[in-house]
Amino acid sequence: MRNEVVWKVGGQQGEGIDSTGEIFALALARKGYFISSNKHFASRIKGGYTHYQIRVTTEPAYYHGDYTDVLLALDQETIDNNLEVMSEGSIILRDGKEETVEKNNHITTFILPLTQMAEEIGGKIVRNMVSLGASAALFGLDEDLFDSLIEDKFSKKGEEIISMNKNAVRAGHKKAKEFIKAGKLSVIQLEKPEQQISRSLMIGNAAVGFGALAGGCRFLSAYPITPASEVMEWLKKELPRVGGTVVQAEDEIAGITMAIGAAYSGVRAMTSTSGPGFSLKTEALGLAGISETPLVIMNTQRGGPGTGLPTKYEQADLNTMINAGHGEIPRIVLAPSTVEEAFYMTAQAFNYAEEYQCPVILAMDLYLSLFNQTVNKLDFSKIQINRGKLLSDEEVAQNEDRYFLRYEVTEDGISNRSIPGQKGGVHTANSNEHNQTGHIDEDTTNRVNMMKKRLGKLATLTDQGFSVDGTKDSDLLIIGFGSTFGVLQEAKKSLEKQGLKVTHTHIKRLTPFDTSLTDYILAAKKVVVIENNYTGQLKRLIQMECNTGKELGSIVKYDGNPFTLKEVVDQINAIMAKEVI
């Protein structure tokens, strides 16, 4: 019995690879399994090799796995691309003209006439359902695994379509079982999960949308861009139900400026984009900063520069999110590390935006945004709405005996905020330097006071900016951010089996940076920073902020693919073998 298996479907884009993978993942999640997934796809709509990989576990996991146990290959290219990652005792399920089993070294190839079987049932369109039935049998799962999902998915198409898809699954399952009973195939038996409860399956973009909704967001303006578009699509369906609005803007600049306008009027607002779009938004980002307007921006990192690798994975926007823009403004940059965390962190982002009256940037990445993970039941009691120093009509009216100082210099640098329409408030805002009333003022003393006020107000943000798994006095401290969380957690476990004492810290707030990380860096014998970019942007940030003088090891990857566990462990072992890094 196995407590985890990895299944993969591959073929050409346009052959239903994504929908096949998502059906299998959702069916298993409904049975109580934990799912982590990964997709490889080209930046075109149809044609080109693609695959969808699912790791199924009985315990929580956030990494999709190095090796494949069952490969559903819809073409020869899929087999050619995956031979090196097939596990010992793995099975390749492929289409063919005859039913047969071929064994070669550690791989068994199971050939079924999938297309012919599908056509006999109702048409080639159900070929992938035949394949799913056979896949379930190879893992020792029941033939009714997909029943409830098929009923939900095709409920509007009638009983005939539902029956056809169920029959396709059962045909594939029955045929595979025949070979298993005859001793020609061995089952890769998957244990049942301890709690056989239906689990939610979600991509990060949906979690961001849901977190925004729960956090009080009522306005989103955005321009479609890979891999961020699902945030807008999700909120387009849900925000109107609570009186909110989604605007598909004509371009990225309009996307952010509309959101700034909505936020200035008192609505919790956000915009979503990817790296190229974030670049276009940076001038308006400065407007939000100098006008001290709350705003949430989600940036999903992808391969760059320019158009770069629009459907591939990278973490190379770190410097941009922290520093981009003309001049200096206060900003908060948050980096979720799991889909579940993306939900809670998005909701918190709206609190931070209003508490500190500044832009808050969510540093997502393609892996986290687009790939499914199971999430625990969401706890809405954890979400509290804090609107900071936004005054009520009555509170603003109390200032009628004096001119309302929207940008008043205060001890904490945060001023009382009024919104348009409130009697007694001040509603002047512009992108020029201004004084406490909001009027343009280029006086040098005023400039110094306003800069100190704006740039100093984040000093009160003292929440811990990183997670810790381990102790300070470790043999090895590994540091990452974003979706590398899952593979680094597993690397820690693997290295501990070798006898190393390992601590894993994951950065959750990139700015303002939590310099208490310094204590962990100084206490560890060796420190390695692991990230998906060429120049080691996170490592450089840590060196600048913590300033320990200690040499930090660096592991980087920038080929468009996430790290494998083997890559991380092998490179760490090479670093640990050196007397100095």
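Residues numbered from 1 in each chain as written. Predicted model: local features only at pLDDT ≥ 70, side-chain atom pairs only at ≥ 80, totals over all residues. Heavy atoms only, no water.

Points about the sheet that holds strand β17 (residues 476-481)
Alright, step 1. The five strands are arranged β16-β18-β17-β20-β21 in an open sheet whose pairing can be described as mixed. Edge positions in the sheet fall to β16 (466-469) and β21 (553-556), since each has one partner strand and no second. On average, each strand axis in the sheet is tilted by 20° relative to the strand beside it, whichever way the strands run.
Alright, step 2. Where helix α16 (residues 485-497) meets the sheet, it contacts β16, β17, β18 (502-507) and β20 (526-531), and its direction lies at approximately 170° from that of β18.
Alright, step 3. Along the sheet, helix α18 (residues 537-546) makes contact with β17, β18, β20 and β21, crossing β20 at roughly 135°. (Pairing = 2+ DSSP bridges. Helix = DSSP H or I, 4+ residues; strand = E, 2+ residues; numbered from the N terminus. Axes fitted to C-alpha atoms, helices over the stretch in contact; angles between N-to-C directions. Contact = heavy atoms within 4.5 Å.)

Overview of the pattern of salt bridges
Opposite charge on two side chains permits them to pair, given that their charged atoms come into close proximity.
Alright, step 1. Inspection of every chain in the model, using the stated rule, returns 30 salt bridges.
Alright, step 2. R30 is the salt-bridge partner of D152, the closest N and O atoms lying 3.0 Å from each other. You can see D152 sitting in helix α5 (residues 147-153) and its partner R30 sitting in helix α1 (residues 17-30), a full 122 residues away along the chain.
Alright, step 3. Given the relative accessible area of 27%, R30 is considered partly exposed.
Alright, step 4. For R170, the salt bridge is made with E143, and the minimal N-O distance between the two is 3.9 Å. With a gap of 27 residues between them, R170 in helix α6 (residues 159-181) and E143 in the loop between α4 (127-138) and α5 connect regions that are remote in the sequence.
Alright, step 5. You can call R170 partly exposed: its relative accessible area is 24%. (Salt bridge = Lys/Arg side-chain N within 4 Å of Asp/Glu carboxyl O. Buried < 20%, exposed > 50% of the residue type's maximum accessible area, 1.4 Å probe, protein only.)

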